[in-house]
Amino acid sequence: MTTVEGVNRILPGSTEWTTLLADIGSGAKNRDLEDVNPFDQVAALKRAGFGTLRLPEALGGAGLTVPQLFSAVIDVARADPIVAHIFRTHFWFVEERLRTVSSEGSRQWLAEVAAGRVFGNAFSEKGGNAVGSLVFNTRLLPDGSGGFRLDGQKFYSTGTLFSDYLTVTATTDHDSVATVVVPANRAGVKLVDDWDGFGQRRTGTGTTTFTGVAVSADEVLSDSPYDAEPVPTVQYASLQLFIHAVVAGILANVVDDGIALLRSRDRSFSHAVAERPTDDPLLQRQLGELASTASIARAVVLDAAEAIAAATASEVDGIPDADLAAEAQLRAAKVKVHLDDVAPQAATRLLELGGASAASRQRNLDRHWRNIRTITLHNPVGYKARAIGENLLHGTPLPANAYF
């Protein structure tokens, strides 16, 4: 777990922000190459108040809009997509507390956010239960004294290794799913850094086990019956769009590395159309196409973020307008279908700018493809594209779960 004391907020777009991201980005290639966890980089973002950007100024934050936040996420992912991804669930947690900011409990948790605390996730599980069904083997049961005991095992716990608090989903003893929050260092919590993916390797996406973990009543964030009618929400769209913002950041870094790769080449082939690679119109065109892909990726992410912002602004008692929420989810879904197609291609075409030398392990340019391909596997693009088509043809609602 990365702990820091004090927040000295750095605003996106400032000189200090540029310097911070340059520092984070300078070691990203080697951290991936050497399989090193970015504890220092996460701590630096904590100190800079990255996790507080969406809080209103009155609550100790910067008061950024939803599109401004996603723009900042893209910037961080451009420097290091591993570091950006670690904060995904944290921003979901913040949005959920802002949605219910009128409650004393939410304000207390937002005070922790303002102090620089980061919230990770322990939601998903292995096993036979359908993904998105919200039926879990992890159990939250009464302890007989007004509190609860939490027992179970989670996987894909992205960010948990770097977090101060964990948000955990569990099945109760009364046919409901509860979400609780517990300190990462509480007795009975065990964090195992065993994620073995070929990309996004150091995001702390491993196993988290809970053995008789004490949970107080005020640490239960929600308790929803399985047969409860779903209400409109933008939180699922936000969770998915965050992934696409990371991909957009990687694509921006692909362009950065493409420029550096071409400039590093002193010779070309005897049958090339120019003596120097930087003067070769074919390579110039290919670089321009990569830059265009990255630019469009950023634009579509921010467009979907605008839809989320519009739905958020419509909230009454924490519930957004149903049509605006559906539009936000639809736009976020379309972003994935598009980026899942063009982003891996762009990462592959980067290598063509350098020929065989681009495959050098020390250059580590393959990390872009590995990171993109891994993060795009969060949910099947085929199911998403089909759901969009069915919605267009029949008005069928999109699936109402955080895994779509």
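So, a few notes on the structure that sits alongside this text. (Residues numbered from 1 in each chain as written. Predicted model: local features only at pLDDT ≥ 70, side-chain atom pairs only at ≥ 80, totals over all residues. Heavy atoms only, no water.)

Notes on a nonpolar patch on the surface
- Together, Leu 134, Val 135 and Tyr 226 make up an exposed nonpolar region whose accessible area comes to about 220 Å².
- As for its position among the elements, Tyr 226 is in the loop between β8 (220–225) and α8 (235–264).
- On the accessibility criterion, Tyr 226 (33% relative accessible area) is partly exposed. (Patch = residues over 30% accessible without salt bridge, like charges linked within 9 Å, V, L, I, M, F, W, Y side chains within 5 Å. Areas by Shrake-Rupley, 256 points an atom, 1.4 Å probe, with all protein chains shown as cover. Salt bridge = Lys/Arg side-chain N within 4 Å of Asp/Glu carboxyl O. Helix = DSSP H or I, 4+ residues; strand = E, 2+ residues; numbered from the N terminus. Buried < 20%, exposed > 50% of the residue type's maximum accessible area, 1.4 Å probe, protein only.)

Topic: empty space enclosed by the protein
- One pass over the structure, following the stated rule, counts 6 cavities of 30 Å³ or more.
- Of the volumes computed, that of the largest cavity is approximately 100 Å³.
- Surrounding the largest cavity, Arg 54, Val 66, Leu 69, Phe 70, Arg 88, Phe 91, Trp 92, Glu 95, Ser 238, Leu 239, Phe 242 and Ile 308 form its lining.
- Where the lining of the largest cavity is concerned, the elements lending two or more residues are α4 (66–79), α6 (88–99) and α8.
- The biggest single contributor to the lining of the largest cavity is α6, with 4 residues. (1 Å grid on protein atoms, 1.4 Å probe; cavity = no way out; pocket = protein on both sides within 12 Å on 5 of 7 lines; lining within 4 Å. Points joined across faces, edges and corners; volume = space filled by probe spheres on them.)

Describing the side chain of Asn 37
- Of note, Asn 37 is situated in the loop between α2 (28–34) and α3 (39–47).
- Asn 37 gets classed as buried once you look at its relative accessible area, which sits at 19%.
- Here Asp 193 takes part through its side chain, which lies 3.1 Å from a polar atom of the side chain of Asn 37.
- Ignoring sequence-local partners within four residues, the contact set of Asn 37 consists of Leu 161, Phe 162, Asp 193 and Arg 202. (Polar contact = N/O pair within 3.5 Å; in protein donor to acceptor, adjacent residues only side chain to side chain. Contact = heavy atoms within 4.5 Å.)

As for the packing of aromatic side chains
- Under the definition given, this model contains 15 aromatic pairs.
- Measuring from ring centre to ring centre gives 5.0 Å for Phe 50 and Phe 87, while their planes differ by 80°; the resulting arrangement is edge-to-face. A residue pair is termed long-range when its members are at least 10 positions apart, and Phe 50 in the loop between α3 and α4 and Phe 87 in the loop between α5 (81–86) and α6 qualify at 37 residues.
- Residue classification places Phe 87 among the buried residues on the basis of a relative accessible area of 0%.
- Residues Phe 87 and Phe 91 carry aromatic rings whose centres are separated by 6.4 Å and whose planes lie at 35° to one another, so their mutual orientation is tilted.
- Judged by relative accessible area, which is 4%, Phe 91 ranks as buried.
- A cation over an aromatic ring shows up here: Arg 97 above the ring of Phe 93, its NZ or CZ 4.7 Å from the ring centre. (Phe/Tyr/Trp six-rings, centres within 6.5 Å; stacked < 30°, edge-to-face > 60°. Lys NZ or Arg CZ within 6 Å of the ring centre and 35° of its normal.)

Some remarks on the side chain of Thr 138
- Note on placement: Thr 138 falls in the loop between β1 (119–122) and β2 (139–142).
- Of the polar contacts made by the side chain of Thr 138, one reaches the side chain of Glu 125; its length is 2.6 Å.

Observations regarding the layout of surface pockets
- Roughly 220 Å³ of internal volume is contained in the second largest pocket.
- Across the lining of the second largest pocket, the residue classes break down as 2 nonpolar, 5 polar and 4 charged. (Nonpolar A, V, L, I, M, F, W, Y, C, P; charged D, E, K, R; others polar.)

Some words on a negative patch on the surface
- On the surface, a cluster of negative charge is contributed by Asp 173, Asp 175, Asp 223, Asp 227 and Glu 229.
- Summarising the element assignment, Asp 227 is placed in the loop between β8 and α8.
- Using a relative accessible area of 67% as the deciding quantity, one classes Asp 227 as exposed. (Lys, Arg positive; Asp, Glu negative; His and termini not counted. Charge placed at Lys NZ, Arg CZ, Asp CG, Glu CD.)

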